[in-house]
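# A structural walkthrough
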Amino acid sequence: MTTRLTVAQALVRFLAAQYTERDGVRQRSISATWGIFGHGNVAGLGQALVEYADDMPYHQGRNEQSMVHAAVGYARQSNRLSTHAVTTSIGPGATNLVTGAALATINHLPVLLLPGDTFATRVADPVLQQLEVPYAGDISVNDCLRPVSKYFDRVTRPEALIPAALQAMRVLTDPVETGAVTLALPQDVQAEAHDWPDEFFAERTWVVRRPGADPTELTEAVQTIRTARRPLVIAGGGVHHSRAEEALAEFAGATGIPVASTQAGKGSLRHDHPQDVGGVGHTGTATANELARQADLVIGVGTRWTDFTTASGTLFAADGVRFLNLNIAPYDGHKLAGAPLVADARSGLQELTDALRLHAHRVTGAYVDEYTLDKERWEQRVDACFEADEPDIRPTQPQVLGALDALVDESDVVINAAGSLPGDLHKLWRARSRDQYHLEYGYSCMGYEIPAAIGVKMAAPDRNVWALVGDGTYLMMPTEIVTAVQEGIAIKLLLIQNHGYASIGGLSETVGGERFGTAYRYQSDDGTYTGAPLPVDLAANVASLGMRVLRAKTVRDLRAALEEARAADTPTCVYVETETADTVSGAPPAQAWWDVPVAETATRPSAVKARELYERHVSTRRRHL
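Bear in mind the structure is a predicted one, so any value in this text is a computation, not a measurement.

Conventions we followed
Residues numbered from 1 in each chain as written. Predicted model: local features only at pLDDT ≥ 70, side-chain atom pairs only at ≥ 80, totals over all residues. Heavy atoms only, no water. Phe/Tyr/Trp six-rings, centres within 6.5 Å; stacked < 30°, edge-to-face > 60°. Helix = DSSP H or I, 4+ residues; strand = E, 2+ residues; numbered from the N terminus. Buried < 20%, exposed > 50% of the residue type's maximum accessible area, 1.4 Å probe, protein only. Axes fitted to C-alpha atoms, helices over the stretch in contact; angles between N-to-C directions. Parallel < 35°, antiparallel > 145°, perpendicular 65-115°, else oblique. Left-handed = near helix turned anticlockwise from the far one by under 90°. Contact = heavy atoms within 4.5 Å. Nonpolar A, V, L, I, M, F, W, Y, C, P; charged D, E, K, R; others polar. Polar contact = N/O pair within 3.5 Å; in protein donor to acceptor, adjacent residues only side chain to side chain. Pairing = 2+ DSSP bridges. 1 Å grid on protein atoms, 1.4 Å probe; cavity = no way out; pocket = protein on both sides within 12 Å on 5 of 7 lines; lining within 4 Å. Points joined across faces, edges and corners; volume = space filled by probe spheres on them.

## A closer look at the packing of aromatic side chains
Inspection of every chain in the model, using the stated rule, returns 12 aromatic pairs. Ring centres of F37 and Y58 lie 5.5 Å apart, and the angle between their planes is 25 degrees; this geometry places the pair in the stacked category. You can see F37 sitting in the loop between β4 (30-35) and α2 (42-51) and its partner Y58 sitting in strand β5 (residues 58-60), a full 21 residues away along the chain. Take F37: its relative accessible area is 34%, and that puts it in the partly exposed class.

## Focus: the packing of helix α8 (residues 215-226) against helix α14 (residues 345-358)
For any two helices packed against each other, one specifies the crossing angle of their axes together with the interaxial distance. As a packed pair, α8 and α14 sit with axes 10 Å apart at the nearest point and diverge in direction by 60 degrees. Here α14 runs oblique to α8, going by the angle between their axes. Note on packing geometry: the crossing formed by α8 with α14 is right-handed. Between α8 and α14, the contacting residues are L218, A221, V222, I225 and R226 on the first element and E351, L352, A355 and L356 on the second. Taken together, the residues of the contact of α8 with α14 break down into seven nonpolar, no polar and two charged.

## Side note on the environment of W196
In this fold, W196 is placed in strand β10 (residues 193-197). The contacts of W196, once residues within four sequence positions are left out, are M1, T2, T3, L5, T6, V7, A10, P158, L161, I162 and F201. A polar atom in the side chain of W196 sits 3.2 Å from the backbone oxygen of H194.

## Comments concerning the packing of helix α16 (residues 397-407) against helix α23 (residues 555-567)
Following both chains from N to C, one finds α16 and α23 inclined at 40 degrees, their axes separated by 10 Å at the closest point. By the angle between their directions, the pair α16 and α23 is classed as oblique. For the element pair α16 and α23, the recorded crossing hand is right-handed. Across from Q399, V400, A403, L404 and L407 in α16, the residues of α23 making contact are V555, L558, R559, L562, E563 and R566.

## Some points on the side chain of D424
Mapped onto the elements, D424 comes out in helix α17 (residues 421-428). Within polar-contact distance, the side chain of D424 engages the side chain of Q397 at 2.9 Å.

## A closer look at the sheet that holds strand β3 (residues 25-28)
A sheet is described by the order of its strands in space; here three strands give the open sequence β3-β2-β11, paired in mixed fashion. Here the strands that pair on one side only, and so sit at the sheet edges, are β3 and β11 (204-207). The sheet shows a mean angle of 30 degrees between the axes of neighbouring strands, taken without regard to direction. As judged from the four bridges shared by strand β2 (residues 18-22) and β11, these two strands associate in the parallel manner.

## Thoughts on the layout of surface pockets
The volume enclosed by the second largest pocket comes to roughly 300 Å³. Lining the second largest pocket are 19 residues, and of these T118, R122, G137, D138 and I139 sit closest to its centre. Residue composition of the lining of the second largest pocket, grouped by class: eight nonpolar, five polar and six charged.

Right, dumping it as structure tokens:
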């Protein structure tokens, strides 16, 4: 039997019938579609979404990039088992997807992109917004999505939709391959009718597998752990994707091995778990980084070992240090010349725990006492950063975080991605639940926070969801505030005004750039931006987009405003001004290095001094072979 539908109608019906299942739990794979319509998709996918509105919910976005961020936030909160599709017109609508696609792919988070494309039949050539390439007739702007997509296809014939759609679902639901998936849809093909086999629209369940470890690799991993004197676990985002937090807690409790976390992995253990030692790497804690420097075995669980985690190859300094990588992706399992343990994080941790229990393996009491005492010392530093002895003065950024930390419970979700906040949060935030700490630091994309908060709130409507945003990030992408207001999505926006790019300003100072071009100030006579701060009222801008705003001038005001915002059932912003971008945030400085190359030749003293320091750090870098 067949049913005659357009390509767009067939795709919507197909997507509405796709499910994932893991651990016996089944759910919609594509639970909604975001869209901004133009001539490249309004008559195709736009009409199809109207035709099947009961089967496929639709959400209206304001910016194509932010729609992807919202879908990614939803996917992460849904443990990668459910996501959204995003449709755009051709031209700028399609190219606006690229940043969001890169973010999704780098972070291994599924999102389905459905950009319109130019005519497959070439009857109208060139059409509005078409990129003409003299040497190739089959290239459009959508080809810029190829390198940032885990799967890409251009559906130039109706018959091609069936294999393309099936391959798209295969990649979206694969825990190793998942990321952005792009199906480019020529606008004429979208509207073309075809007789489709009814089997194409039958419900289909994609089982998300949990592979166990190879017996040989498992035996070698157990032996490696048993011979280590100072092992350290580095928990990455894969712990969360696998829902392996309880398995990690059981492993750490049984063995006494301390657990540090990457930005993506923070919250893998609660902050008060005896084995949790905080963030690791350039933005990590002194406790975790000192353990890393002395570790003779580093056990990576679900991490891809970015330069922030390894301190650009300078952190793991012990002679003969070895690496054991538990990862579902073989590519990441072999990094740092480590011994791979290719398995799902939960399955692998459970197998390791069971095997080590047979040997009654546990690290020495002296090692436990050492990191326990160091963690207590670090917590005292956190308390000092959060403390506000004078509640009637303007807060520092750590005091802002301290006020929020004192208010939230394990049900709150805190979202951030870029600026000076990731460093402060990784060092200072006390994660109370597995998904409270939502940092997008694989791509560190300014503008992610507000749309991602919308996606997270859609996935977890009963949770309090906070988007933590600096002024630089806010100005990048505030548009989805309108979406939150339109759909009554009660996100909480904590907007911190410090008059510039605080993070890059600090980095610029350390690498000899003298904070050039990083402050939001008037130009001075010498052409630099060192005049008075700009008279920008971001709180008024937020209010103009329809969101309720609570202004806080002091620590006391801030505490009251945060409490009021948390209780609100409508989208609410707390606006607070902290120190300017040319002053320090007050958080402890970096506890490990990060490689940002400094000018090799310069005449300005700041750059010369920075180069000397850079060369000292570079001399400590090593390749683990």
